[in-house]
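Spelled out from the first residue to the last, the chains are:
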Amino acid sequence: MRRLTAVLLPMLWLLTGCMNTTDDEGVDRSSSKTRPFVEIKAPPTYHVLSGYDPKWEAYVREGIEMSRAYWGSYGPTHVWIGGREDGRPIDGAAREAFIEEYCRWRTAGTERTLEECRPYVMERFIDVIESDRPEAYLSWVDEKSQPEAELVFLNVHEWFYEEDAVPDPVLRGIHEYTHVFQMAFGEMPTWMMEGGAVFAESWLIHMLGRRPLDFNLSRIMERADSIRETGLTISDMEDIDTAPDDVAKHHLELAYDTGAWAVAFLIHRSPGRSVSRYRDVFHPLVTELGWEQALCDYLSIEDKRDFYDEFERFLSLPREDRLAILDELTP
Ligand SMILES: [Zn+2]
């Protein structure tokens, strides 16, 4: 499937997928206050497994830097890129260098040891690379004095198609860095996090004149429509960690697809219909008020339910009417 896969692996350490905040004791910390990332001048630090074609790093970096130029610079952020093509074995020296580089960073300033880090890297990076499965996700590393963002991109060449005008690994970079920005402002529901990141993939590319805004969003709408008959809505997808199985199994359509349209609708419903205002005004409101009150203040509504109800009515409109709001969004 040519899209981001949400990674919800058994976690050894405090390791978070996009929205997963389960620590190594298996305690659900999603309801407790997460310490945010901070605004930081320094660019992300890129780490690449030697032997993986540099063009994959270049695509990922292009997306991350595009995203950072738009959202602002947050972190500290470390980017880990690795993969292997055509089943070629990973060079032993390259693997050791990658493990050492990762573990030196990951254990610095924590009580973790290099010895416990090694099996962790083997499972989370090397085994995944050797499985030839693509992965992209953000981990929130909370053990350091200041939480750091870890962006992981493995085997992204598997998402590359020659005919794509914008290579998918670029979109993965945009998407994951958008989460770094979001996590500098406080907790938001899963649909808003993933929806915001998917929306950003289309918006940023559109702003650069590389593709029409509806190019992906129209296909995304079809997938969102495909699960409407289940009766599930984004209100069921506020927290993937606590969602029951029958909801969680639809998380791609609910959080990513329907979420992207919910964010487009939210912006369209807001004063000025402005995406940069969503960035500059809405997110600081989340920090100040929490996301639910921020949503109410931003849209001048009484309750988040009002938003959910309006959005459901929007989803019932004819397809052309829904797509038309994209033309009315402003920078
Ligand atoms: Zn995501």
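Not measured: the values here are computed from a predicted model. Sequence order as written defines residue numbering, which begins from 1 separately in each chain. Reporting in this predicted model follows two pLDDT cut-offs: at least 70 for local features of residues, and 80 or more for side-chain atom pairs to be given and counted; totals over whole chains, interfaces and linings ignore these cut-offs and use all residues. Each side-chain value is worked out from all heavy atoms of the structure, with water and hydrogens disregarded.

**Observations regarding the nonpolar core**
Alright, step 1. Remark: nonpolar core denotes a set of buried residues (Ala, Val, Leu, Ile, Met, Phe, Trp, Tyr, Cys) joined through side-chain atoms within 4.5 Å. Each residue is assigned to one of three classes by its accessible area relative to the maximum for its type, calculated with a 1.4 Å probe on protein chains only: buried under 20%, partly exposed between the two thresholds, exposed over 50%. Residues Phe153, Trp191, Met192, Phe199, Trp261, Leu266 and Phe307 are the most contacted members of the largest nonpolar core, which totals 86 residues.
Alright, step 2. Helix and strand definitions here come from DSSP, where helices need a minimum of 4 consecutive H or I residues and strands a minimum of 2 consecutive E residues; each element is numbered from the N-terminal end. Take this core: its biggest share by element is 12 residues, from helix α8 (residues 251-269).
Alright, step 3. No fewer than three residues from each of domain 1 (38-182) and domain 2 (190-328) sit in this core.
Alright, step 4. In this structure, Ala94, Val121, Val128 and Val141 belong to the second largest nonpolar core, which totals 20 residues. Note that the domain bounds reflect an automated or database-derived domain assignment.

**Considering the domain arrangement of the chain**
Alright, step 1. Here the chain is partitioned into domain 1 (38-182) and domain 2 (190-328).
Alright, step 2. Buried surface area refers to the total accessible area, computed with a probe of radius 1.4 Å, that the two partners give up upon joining, counted for both partners together. Carbon and sulfur atoms supply 66% of the area that domain 1 and domain 2 bury against each other, a total of about 1,700 Å² over both sides.
Alright, step 3. Note on definitions: salt bridges are taken to be side-chain nitrogens of Lys or Arg within 4 Å of carboxyl oxygens of Asp or Glu. Here domain 1 is connected to domain 2 by 2 salt bridges.
Alright, step 4. Close ionic contact of arginine 172 with glutamate 201 constitutes a salt bridge, the shortest N to O distance being 3.3 Å.
Alright, step 5. Here a polar contact is recorded for every N or O atom pair within 3.5 Å, except that within protein the pair must consist of a potential hydrogen donor and a potential acceptor, and residues adjacent in sequence are included only if both atoms are side-chain atoms. Taken together, domain 1 and domain 2 are joined by 7 residue pairs in polar contact (both at pLDDT 80 or more).
Alright, step 6. Elements with a minimum of two residues in the side of domain 1 that touches domain 2: α1 (54-71) and α4 (168-182).
Alright, step 7. Element by element, the count of residues in the side of domain 1 that touches domain 2 is highest for α4, at 8 residues.

**Side note on the sheet that holds strand β2 (residues 45-48)**
Alright, step 1. Strand pairing is defined by DSSP finding a minimum of two bridges between the two strands. Reading across the sheet, the 4 strands line up as β2-β4-β6-β5 and stay open at both edges, with mixed pairing between neighbours. Where the open sheet ends on each side, the last strands, each with one partner, are β2 and β5 (135-141). Averaged over all neighbouring strand pairs, the angle between strand axes comes to 15°, with direction disregarded.
Alright, step 2. Judged from the 4 bridges that link them, β2 and strand β4 (residues 77-82) form a sheet pairing that is parallel. By the bridge assignment, tyrosine 46 is partnered in β4 with valine 79.
Alright, step 3. In what follows, a contact means two residues having at least one pair of non-hydrogen atoms within 4.5 Å. Axis lines are fitted to C-alpha atoms, over the contacting stretch for helices. Their N-to-C directions set the angle, which ranges from 0 to 180 degrees. Against the sheet, helix α3 (residues 114-131) engages β4, β5 and β6 (148-154), with an angle of about 15° to β6.
Alright, step 4. Contacts from α4 reach β4, β5 and β6 within the one sheet, and its direction differs from that of β6 by about 160°.

**Examining the packing of aromatic side chains**
Alright, step 1. Pairs were defined over the aromatic rings of Phe, Tyr and Trp, the Trp ring being its six-membered one, requiring ring centres within 6.5 Å. Orientation was assigned from the angle between planes: stacked under 30 degrees, edge-to-face over 60, tilted for the rest. All told, the structure shown has 28 aromatic pairs when counted by the stated rule.
Alright, step 2. Measuring from ring centre to ring centre gives 5.2 Å for tyrosine 278 and phenylalanine 282, while their planes differ by 15°; the resulting arrangement is stacked. In this pair, tyrosine 278 and phenylalanine 282 are both assigned in helix α9 (residues 275-289), 4 residues apart and thus about one turn of the helix distant.
Alright, step 3. Since its relative accessible area comes to 3%, tyrosine 278 is described here as buried.
Alright, step 4. Judged by its relative accessible area of 0%, phenylalanine 282 is buried.
Alright, step 5. The structure contains a cluster of three or more aromatic residues connected by ring pairs, namely Trp191, Trp261, Phe265, Trp291, Phe307, Tyr308, Phe311 and Phe314.
Alright, step 6. A cation over an aromatic ring shows up here: arginine 172 above the ring of tryptophan 159, its NZ or CZ 5.8 Å from the ring centre. Two conditions define a charge sitting above a ring: the NZ of Lys or the CZ of Arg must be within 6 Å of the ring centre, and it must be within 35 degrees of the ring normal.

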